[in-house]
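# Geometric and topological summary
Residue strings, one per chain:
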Amino acid sequence: MAERMVDEASRRRRRPTKQGQVLTHRLIVETALRMLREHGAAGLTARRLGLALGADASAVYRYFRGMDDLVLAIADELYGHAMAGWAATGDWRADLRDLGLRIHHAYLAHPQAAVLTASRVTGRPNEVAGDETILGVLRGAGFPDDDAVRIYHAFIDQSLAFAILDAATLALPRAAREADTEVWRDTYARLPATTHPNIAATAPLLVARMNDSAYPTALDLLLSSASAQLNG
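The model shown is predicted, which means the values in this text are computed figures rather than measured ones. (Residues numbered from 1 in each chain as written. Predicted model: local features only at pLDDT ≥ 70, side-chain atom pairs only at ≥ 80, totals over all residues. Heavy atoms only, no water.)

All right, on to the overall build of the chain then. The number of helices and strands found in the chain is 11 helices and 0 strands. Starting at the N terminus and ending at the C terminus, the chain contains elements arranged as α-α-α-α-α-α-α-α-α-α-α. Computed over C-alpha atoms, the radius of gyration of the chain comes to 22 Å, more than 25% over the 17 Å expected from 2.2 N^0.38 for 232 residues, which places it beyond the range of a compact globule. Once the C-alpha set of the chain is aligned to its principal axes, its extents read approximately 80 × 50 × 30 Å. Looking at the chain residue by residue over its 232 residues, the buried ones come to 38%. Put simply, of all contacts in the chain between residues at least 6 apart along the chain, 68% involve residues at least 24 apart. On the chain, roughly 13300 Å² of surface is accessible, and the fraction owed to carbon and sulfur atoms is 55%. Charged side chains of the chain number 26 positive and 27 negative; the gap between the two group centres comes to 9 Å. (Helix = DSSP H or I, 4+ residues; strand = E, 2+ residues; numbered from the N terminus. Rg over C-alpha atoms; globule rule 2.2 N^0.38 Å. Buried < 20%, exposed > 50% of the residue type's maximum accessible area, 1.4 Å probe, protein only. Contact = heavy atoms within 4.5 Å. Areas by Shrake-Rupley, 256 points an atom, 1.4 Å probe, with all protein chains shown as cover. Lys, Arg positive; Asp, Glu negative; His and termini not counted. Charge placed at Lys NZ, Arg CZ, Asp CG, Glu CD.)

See the structure below:
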């Protein structure tokens, strides 16, 4: 006898949970984001997620194939946050700068989730729509396809790499983060010119800058290079 197949909708919970909520894909993702923010990646398990939702852990698997599937959904959700409300202005450089800063900001709003997801490729709707948009901005600006892909590759990898780097800093315990911040003032700013002339000469500038993200500067350098190539 053939096994009876149960469609996806039938597998999903329709009754309210103990928290009085009806489970949905979005509710699970939003709850997982909250758990990551509060407990980090180690605290995100099906059992703990079920408890937070007021449901059995098995309920999660009615919506996701496994925890990695949930991680990919979280990644796509963050991408959706970045793209929400964005509209092109027709100025390709301003548009890409805005998109890059939006991506970076969206991930830093959820640092624990950023560290967990920013290196993943999901192929899901928000990610695909974002990639289509970025490539469209570049092709619309007049970049040949090979250059558009090359610049897109550098642009998105730079955005996500800085998101991971800066999110990892934000995800540190406060004491560790504050200790790292003070190193520039307490160590670098006190190095003598006799042994470290370059650091000593630039120490005030280092103290003022090095605890901020370098992403806006790196993004501007990338866009300047692309603009020079387009106008060259």
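Another point: the side chain of Arg124. Inspection of the secondary structure puts Arg124 in the loop between helix 6 (111–117) and helix 7 (125–141). In this structure, Arg124 is in contact with Arg65, Asp69, Leu72, Ala73 and Asp76, ignoring residues within four places of it in sequence.

Another point: helix 5 (residues 92–108). Between its first and last C-alpha, helix 5 extends 24 Å over 17 residues, near the 24 Å set by a 1.5 Å rise per residue. Listed in full, the buried residues belonging to helix 5 are Trp92, Asp95, Leu96, Leu99, Gly100, Ile103, His104, Ala106 and Tyr107. Along the axis of helix 5, the buried residues cluster in a sector spanning 165 degrees; they form a single face. If you follow the buried residues of helix 5, they end up packed against helix 4 (67–83), helix 6, helix 7, helix 8 (145–170) and helix 11 (215–231). (Expected span 1.5 Å × (residues − 1). Arc of directions from axis to C-beta.)

Attention shifts here to the packing of helix 2 (residues 25–39) against helix 4. The interhelical angle for the contact between helix 2 and helix 4, taken along N-to-C directions, is 90 degrees, at an axis separation of 10 Å. For the element pair helix 2 / helix 4, the angle class is roughly perpendicular. Contacts from His25, Arg26, Ile28, Val29, Ala32, Leu33 and Leu36 of helix 2 reach helix 4 at Leu70, Ala73, Ile74, Glu77, Leu78 and His81. Tallied by class, residues from the contact of helix 2 with helix 4 come to 9 nonpolar, 2 polar and 2 charged. (Axes fitted to C-alpha atoms, helices over the stretch in contact; angles between N-to-C directions. Parallel < 35°, antiparallel > 145°, perpendicular 65-115°, else oblique. Nonpolar A, V, L, I, M, F, W, Y, C, P; charged D, E, K, R; others polar.)

Moving on to the packing of helix 5 against helix 7. Geometrically, a packed helix pair is captured by the angle between its two axes and the distance between the axes. Relative to each other, helix 5 and helix 7 sit at 160 degrees, their axes nearing to 10 Å. For the element pair helix 5 / helix 7, the angle class is roughly antiparallel. Considering how the two elements wind past one another, helix 5 and helix 7 form a crossing that is left-handed. On helix 7, the residues that touch Trp92, Asp95, Leu96 and Leu99 of helix 5 are Thr133, Ile134, Val137, Leu138 and Ala141. Partitioned by chemical class, the residues of the contact of helix 5 with helix 7 number 7 nonpolar, 1 polar and 1 charged. (Left-handed = near helix turned anticlockwise from the far one by under 90°.)

Mapped onto the present numbering, the UniProt feature "domain: HTH tetR-type" (unreviewed entry) falls at residues 22–82. What you have in residues 22–82 is 64% helix and 0% strand, and the ends, taken at the C-alpha atoms, are 27 Å apart. (UniProt positions renumbered as here; feature names shortened; annotations may be inferred.)

Another point: the environment of Asn231. Within the element layout of this structure, Asn231 appears in helix 11. Residue class for Asn231 comes out exposed when judged on its relative accessible area of 62%. Sequence separation of Asn231 and Thr217 is 14 residues, and the distance between their C-alpha atoms is 21 Å.

Take the packing of aromatic side chains next. According to the stated counting rule, one finds 3 aromatic pairs in the structure shown. Centroid distance Trp92 to Phe143: 5.3 Å. Interplanar angle 85 degrees. Geometry classified as edge-to-face. Pair noted here: Trp92 is in helix 5 and Phe143 is in the loop between helix 7 and helix 8, with a separation of 51 residues, a long-range link. Considered together, Trp92 and Phe143 belong to a single accessibility category, that of buried residues. (Phe/Tyr/Trp six-rings, centres within 6.5 Å; stacked < 30°, edge-to-face > 60°.)

As recorded in UniProt, the sites labelled "DNA-binding region" (unreviewed entry) are residues 45–64. Secondary structure content for residues 45–64 is 40% helix and 0% strand, and the end C-alpha separation is 13 Å.

Attention now moves to the side chain of Asp69. Its place among the elements puts Asp69 in helix 4. Classification of Asp69 by relative accessible area gives buried; the value is 10%. Each residue touching Asp69, except ones within four places of it in the same chain, is listed here: Tyr63, Phe64 and Arg124.

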